[in-house]
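Inside the fold
Here is how the chains run, residue by residue.
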Amino acid sequence: MDSDTRILHLKFDGSTMETGRVDAADFSHTVSATTELLRFIAKGVESTKDKEVHVDLIATRDGSFEADLAVTIKNIADVSPALLPLLADGRVISSAKQLIEVMKQLIQVKKFLKGEQPTKVEIVQKDGSPHVAIHGNSGTINVNVNTFNLLQTEGASKKLHKVIQPLLKEGTQLDTIELSEEGEKKPIQVSKPEAPYFVK
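Source: prediction; values computed, not measured.

Scoring rules and cut-offs
Residues numbered from 1 in each chain as written. Predicted model: local features only at pLDDT ≥ 70, side-chain atom pairs only at ≥ 80, totals over all residues. Heavy atoms only, no water. Salt bridge = Lys/Arg side-chain N within 4 Å of Asp/Glu carboxyl O. Helix = DSSP H or I, 4+ residues; strand = E, 2+ residues; numbered from the N terminus. Expected span 1.5 Å × (residues − 1). Buried < 20%, exposed > 50% of the residue type's maximum accessible area, 1.4 Å probe, protein only. Pairing = 2+ DSSP bridges.

Attention shifts here to the pattern of salt bridges. Here the structure, examined in full by the defined rule, presents twelve salt bridges. In this structure, the salt-bridge partner of E36 is K159, at a minimum N-O distance of 3.9 Å. Here E36, found in helix α1 (residues 24-43), pairs with K159, found in helix α5 (residues 154-168); they are 123 residues apart in sequence, far enough to count as distant. In this structure, the salt-bridge partner of K162 is E36, at a minimum N-O distance of 3.0 Å. Taken together, the residues K162 in helix α5 and E36 in helix α1 connect sequence positions 126 residues apart. Overlapping salt bridges bring together R6, K97, E101, K104, E181 and E184 as one network.

Here it is, written out as structure tokens:
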């Protein structure tokens, strides 16, 4: 396989959207920050650190503040049978879909922890492969090993913060930023009240 492409849908929602206006700098900032975050994730994983991640803005949808981003990992080799067990537990990223999944897990963990430190972290078996169970005040969330390793880096936190930064802007009429894969029924959403969780 020479390259793998997935569509990531980005949506701004809020009261200003009803007027048909949004701050161009905010929208472009979030598109740019999302691109930076996806590239950072790919560089942080052994299997994709030398691969080119290319993100194209396909189109903004008429009458809305939504955009589709084509996320492509170029020159990705077919995965050898020896690496298949690693794919199952998320230690190897072999597709654009897995790259996007790690990004969504990073967002889910930040929302889950609500700006607090985990109360406990442990390795658990999930579907026969190791995952990391992150315990917080509101329960437990399981993530793959790549997601957990990236959460430990300052770079991932800074890039996540940049993605949602327009929600933190004083006086913003933006209520949510939403990300979803093509055909996904339940998008991941960050609301204005959740935005401070991404500062820490």
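Moving on from the coordinates now.
With that out of the way, let us pick up α1. Helix length check: α1, at 20 residues, gives a terminal C-alpha distance of 29 Å against a target of 28 Å (1.5 Å per residue), a fit within 8%. Those residues of α1 that sit buried are D26, F27, T30, V31, A33, T34, T35, L37, L38, I41 and A42.

Note that strand β1 (residues 3-14) and strand β3 (residues 66-74) share nine bridges and pair antiparallel. Paired with H9 across the two strands is D68, which belongs to β3. With seven bridges connecting them, β1 and strand β7 (residues 174-181) associate as antiparallel partners. The residue of β7 that forms the bridge with F12 is I177.

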